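Structural overview for review
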Amino acid sequence: MKKVLIGAVAASAFFLAGVAQADADLAKNSGCLNCHNVDTKLVGPSLKDISAKYAGQDGAAEMLAEKILKGSNGVWGPIPMPPNANVSPENAKVLADFILTLK
């Protein structure tokens, strides 16, 4: 029984790590990492800084998904974030959820 439980926990951790990696790959393939780094400011704020700013806020994922799709101006300084026409609404939500998991 103990071996089964340990195996289930290990499999869950592997699955979650795979999902996180898939979302990181989506961020890279969607062009997010052209202007954002995970840990440090590039052109735009780091993804971890974005996560920290909106942590625990109701509707944060939906708001971030909207910014990913439509762009943003003036939130993090004078450089605007352009709209991302090549990102689907579904992928924008996945990206927003991924960003909010970063600590």
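In this report, we go over the structure that sits alongside the text. Just so it is clear, the structure is predicted and the values come from calculations on it, not from any experiment.

**As for the packing of helix 3 (residues 60-70) against helix 4 (residues 89-101)**
One can describe the packing of helix 3 onto helix 4 by two numbers: an axis separation of 8 Å at closest approach and a directional angle of 125°. Taken together, helix 3 and helix 4 sit at an angle that is classed as oblique. Helix 4 is crossed by helix 3, and the crossing has right-handed handedness. Across the interface between the two elements, Ala60, Ala61, Glu62, Leu64, Ala65, Ile68 and Leu69 of helix 3 pack against Pro89, Ala92, Lys93, Leu95, Ala96, Asp97, Ile99 and Leu100 of helix 4.

**A look at helix 2 (residues 47-54)**
Of the positions making up helix 2, those classed as buried are Leu47, Ile50, Ser51 and Tyr54. One face of helix 2 carries all of its buried residues, which in axial projection span an arc of 100°. Lining the buried residues of helix 2 we find helix 3 and helix 4. Following helix 2 by one or two positions, Gly56 has its phi on the positive side, about 75°.

Cut-off values and rules
- Residues numbered from 1 in each chain as written.
- Predicted model: local features only at pLDDT ≥ 70, side-chain atom pairs only at ≥ 80, totals over all residues.
- Heavy atoms only, no water.
- Axes fitted to C-alpha atoms, helices over the stretch in contact; angles between N-to-C directions.
- Helix = DSSP H or I, 4+ residues; strand = E, 2+ residues; numbered from the N terminus.
- Parallel < 35°, antiparallel > 145°, perpendicular 65-115°, else oblique.
- Left-handed = near helix turned anticlockwise from the far one by under 90°.
- Contact = heavy atoms within 4.5 Å.
- Buried < 20%, exposed > 50% of the residue type's maximum accessible area, 1.4 Å probe, protein only.
- Arc of directions from axis to C-beta.

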